[in-house]
Structure formats: C-alpha cells, structure tokens
Amino acid sequence: MGVEIVESHERYLGLPTYVGRKKTATFQYIKDNLAKKLKSWQGKMLSGAGKDILIRVVAQALPTYAMSVFQLTKNFCEDLELMCARFWWGSTDDKRKIHWKSWEKLCLPKEEGGLGFQSLSDFNLAMLAKQAWRCQYSSGNFLVSKGRPVWGLLSAEHAELLSCKEALELIIEPSLQPAIVETNSLVIKQQLSSSGVNLSRLGRIYEDLGVLLEALPNVRIVHIRRDANKAAHLMAAQASATGQALFYSSVPSFLHEVITHELCSH
C-alpha cells in the first residue's frame, strides 16, 4: 500500500514521543507555530483590544497542550513571552518599538494596572499541578461559577454578554475543555449562531465572543430557560458572595435541594 515504516515518530497525537536533554529543540515547533501566527497578524490593522484577545486566546494557548504534560524550561517560556511582547508593542523583523512596560507588569490583573497576560512558566506549573490533582482526586468533571458586581450596563443583554465572555476567558486560561456555557438569553444564542455582523453598540463584544469560540472548538454556548436555570443562579450568588471563581468536582451541598426538586418535577 506504500505505507512508510519508521523506527519512531517525532510526535504522536501532537506531543513529542521522546524528550531528551535538549528540550528547546524538542519543542521548537511551538515557537515556529507562534512565529507564523504573529507574522500573519502583523499586517492587519488591529486595535489594542484585538491584540489583547489574540495574545490571550490564541498565542498563549498554543503551548497549553504541551504544558499540560511537560515542564518547559524557563528560558523557553521567556522566549515565547518576548515574541508576544514584541507583537503587542508593534515590533517587526525590521523595526523595533519601545516596550513601555515589562512583561511582568503586563501579567498583572487589569484591576492592578496590568492586562491579565500569562506568565507562561507559572502557568506551566499550574497545568501540571492540575493534572496531578485530577489523577488523584477528580473524575474529570467540574462545575464552575464566578460572580461579581458590574456597573455601567446598557441592558440585560449587555450583562449576559459580559457573563458569557468572562466564562469563556475563565475556561481558556486553565484549558477547561470540553465545556458547556449556559445562557438564559435566546437573543445571544441566535446572534452567535448567525453569520451576520452585529452593528449595535454591543457589536464589539459579540465580535470578541466569536474570536473566543473559534479558539475553543470544544466549548458550546447553549440556551437554558430562566425558570430552568435556578442552579446556575445559586452558583453565581455563591461566587458573588466570595468574590472569586469557584470550582466543584462534585455537586455542592447548597444545590442538592434544587436539583432534587427539578428531578422530581420531571
């Protein structure tokens, strides 16, 4: 049949089959893929928000798969960060721009003056720790909730859109795929399924959601009726009270009554 027989494969299922002492050479393909992505974006007129999403959602997601299995060297992670920093500040092969802030400062949360980019070496350790925790304690399924007060909203649709965007950003950073995001807004579900451009004041957020969903092929946004979404509202209220994202590997006690009631009513 003309099938070539080889002694070993360089990569299998997207990961190196053998990692020796020269990790930089082994994972060079990550640098090459990132360089191609960044070069294809450099010729486009991108806003700061557009660059922000491309770096966080696409560029920094490229090494995630390898990072969930292997620990990359600190120098290698710094090289990837430098490539992203050059793209952010507008540097090209023949033109260098001033980096007005260090990458460490850009990795701070937006509330602290940063942009929320990732420290790749820290993210690598977190991914490996998560895999170890999953192996020891988890069946692999999670319930995740996050809630916080938001001001300056234009409408209920605006609030729900921001919730969906924050959910997708929460999923992509620790790579919690596959995942399902529930929304009680049928308008948002229909708009995301449409191929048309949203020209309303919320059009930019819809555009950001589209970019995020393209980078998350194993994530779906589904519509759930408001009266059938009591568990989600309870989880959001619990997260709002603590002011942080909550992860549950099993059904939390405060949801037992609601879920039991829903099951009995069907």
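As a starting point, this report considers the structure included with it. (Residues numbered from 1 in each chain as written. Predicted model: local features only at pLDDT ≥ 70, side-chain atom pairs only at ≥ 80, totals over all residues. Heavy atoms only, no water.)

## Looking at the overall build of the chain
A count of helical and extended segments in the chain gives 12 helices and six strands. Across the 266 residues that make up the chain, the buried fraction comes to 34%. Looking at the chain alone, contacts between residues at least 24 apart form 70% of all its contacts between residues at least 6 apart. For the chain, the computed accessible surface area is about 17100 Å², with 54% contributed by carbon and sulfur atoms. (Helix = DSSP H or I, 4+ residues; strand = E, 2+ residues; numbered from the N terminus. Buried < 20%, exposed > 50% of the residue type's maximum accessible area, 1.4 Å probe, protein only. Contact = heavy atoms within 4.5 Å. Areas by Shrake-Rupley, 256 points an atom, 1.4 Å probe, with all protein chains shown as cover.)

## A few points about helix α5 (residues 74-89)
With 16 residues, α5 should reach 22 Å at 1.5 Å per residue; the first-to-last C-alpha distance of 22 Å fits that figure. The first or second residue beyond α5 is Gly-90, which carries a positive phi of 90°. (Expected span 1.5 Å × (residues − 1).)

## A closer look at the side chain of Lys-31
Inspection of the secondary structure puts Lys-31 in helix α2 (residues 28-42). The contacts of Lys-31, once residues within four sequence positions are left out, are Thr-24, Phe-76, Asp-79, Leu-80 and Met-83.

## Examining the side chain of Asp-52
One can find Asp-52 in helix α3 (residues 48-58). By relative accessible area, which is 8% here, Asp-52 ends up buried.

## A closer look at the packing of α3 against α5
Packing of α3 against α5 brings their axes to within 10 Å, and their N-to-C directions diverge by 165°. It follows that α3 is roughly antiparallel to α5 by the angle criterion. The hand of the α3/α5 crossing is right-handed. Where α3 abuts α5, its residues Gly-48, Lys-51, Asp-52 and Ile-55 lie against Cys-84, Phe-87 and Trp-88. Grouping the amino acids of the contact of α3 with α5 by side-chain chemistry returns four nonpolar, one polar and two charged. (Axes fitted to C-alpha atoms, helices over the stretch in contact; angles between N-to-C directions. Parallel < 35°, antiparallel > 145°, perpendicular 65-115°, else oblique. Left-handed = near helix turned anticlockwise from the far one by under 90°. Nonpolar A, V, L, I, M, F, W, Y, C, P; charged D, E, K, R; others polar.)

## A look at the environment of Lys-37
Within the element layout of this structure, Lys-37 appears in helix α2. According to the relative accessible area criterion, Lys-37 is partly exposed, its value standing at 36%. Separated by 25 residues in the primary sequence, Lys-37 and Leu-62 have C-alpha atoms spaced 9.8 Å apart. With residues near it in sequence (within four places) discarded, Lys-37 still touches Val-58 and Leu-62.

## With respect to the pairing of strand β4 (residues 179-183)
Residue alternation in β4 divides its side chains into a buried set, Ala-179, Val-181 and Thr-183, and an unburied set, Ile-180 and Glu-182. Sheet analysis places β4 next to strand β5 (residues 219-223), joined by five bridges and oriented parallel. In the strand pairing of β5, Ala-179 is matched with Val-219. (Pairing = 2+ DSSP bridges.)

## Observations concerning the packing of aromatic side chains
Under the definition given, this model contains seven aromatic pairs. Measuring from centroid to centroid gives 6.4 Å for Phe-27 and Tyr-29, while their planes differ by 35°, and the two rings are tilted. Each member of the pair Phe-27 and Tyr-29 is classed as buried. Grouped by ring-pair contacts, the aromatic residues Phe-27, Tyr-29, Phe-70 and Phe-76 constitute a single cluster. Cation over ring: Lys-51 sits above Phe-87, and NZ or CZ is 5.5 Å from the ring centre. (Phe/Tyr/Trp six-rings, centres within 6.5 Å; stacked < 30°, edge-to-face > 60°. Lys NZ or Arg CZ within 6 Å of the ring centre and 35° of its normal.)

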